[in-house]
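One letter stands for each residue in the lines below.
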Amino acid sequence: MANIGIFFGTDTGKTRKIAKMIHQKLGAAADAPVNINRTDLDTFLSYPVLLLGTPTLGDGQLPGLDAGCEEASWGEFVAQLDSNSLSGKTVALFGLGDQVGYPDNFVSGLRPLYEALKNSGAQIVGHWPNEGYEFNASSALEADKFVGLVIDQDNQYDLTDERLDAWLETLKPIFL
């Protein structure tokens, strides 16, 4: 087992694609990405470092049954976390959004995941600058940074690889 676990929720498969790109860039330091609905809490908690990805659905929801998805996802998984289950874990988030189609809640699905992890005692790293995006509002912002890496595969797919590389470079000294 590697040091880093990569877990994701998805509705269209785009978040899975980004999780696979992250895994490829990290190599043997990370295990293959796993859809959050295909794991259990014990496996999830077995990793000291977690890279967690989510899309934003609707007006800022996590994927899951309540958001109209056909399968369980983050919406159901975070309910299993208690106030100290992630104590001692280092977590970085990545989120997908569409700044043109949803400018009023761009990547806002990161916020409920961030809050659940923070309330569970995780040390969250990997905040990302908001420069280079055009949107009206996002609950994923803390001051002038997003709570994790933000990817817009719909409108800025040409920047994805560059953003992943830059984000991972900031994380490597922490994780490796």
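Residues numbered from 1 in each chain as written. Predicted model: local features only at pLDDT ≥ 70, side-chain atom pairs only at ≥ 80, totals over all residues. Heavy atoms only, no water.

In the nomenclature of an unreviewed UniProt entry, the protein chain corresponds to Flavodoxin from the organism Kosakonia oryzae. We quote the UniProt Sequence similarities (unreviewed entry) comment for the protein chain here in full: "Belongs to the flavodoxin family." As recorded by UniProt, the Cofactor (unreviewed entry) comment attached to the protein chain reads in full: "FMN". (UniProt positions renumbered as here; feature names shortened; annotations may be inferred.)

Asker: Tell me about the nonpolar core, and name the residues and values.
Answerer: Grouped together as the largest cluster of nonpolar side chains are 54 residues, with contacts concentrated most on Ile22, Phe44, Leu51, Leu52, Trp74, Leu117 and Trp167. Once residues lying within four places of it in the same chain are set aside, the contact partners of Trp74 are Phe7, Phe8, Gly9, Ile36, Phe44, Leu52, Gly53, Thr54, Leu62, Pro63 and Leu113. (Core = buried A, V, L, I, M, F, W, Y, C linked by side-chain atoms within 4.5 Å. Buried < 20%, exposed > 50% of the residue type's maximum accessible area, 1.4 Å probe, protein only. Contact = heavy atoms within 4.5 Å.)

Asker: Run through the packing of helix H1 (residues 14–26) against helix H5 (residues 160–175), naming residues and quoting values.
Answerer: Here H1 crosses H5 at 55°, and the two axes come no closer than 11 Å. Here H1 is positioned oblique relative to H5, judged by the angle of their axes. Here H1 and H5 pass one another in a crossing that is right-handed. Of the residues in H5, those in contact with Ile18, Met21, Ile22, Lys25 and Leu26 of H1 are Thr160, Asp161, Leu164, Asp165, Trp167, Leu168 and Lys172. Looking at the contact of H1 with H5, its residues break down into seven nonpolar, one polar and four charged. (Axes fitted to C-alpha atoms, helices over the stretch in contact; angles between N-to-C directions. Helix = DSSP H or I, 4+ residues; strand = E, 2+ residues; numbered from the N terminus. Parallel < 35°, antiparallel > 145°, perpendicular 65-115°, else oblique. Left-handed = near helix turned anticlockwise from the far one by under 90°. Nonpolar A, V, L, I, M, F, W, Y, C, P; charged D, E, K, R; others polar.)

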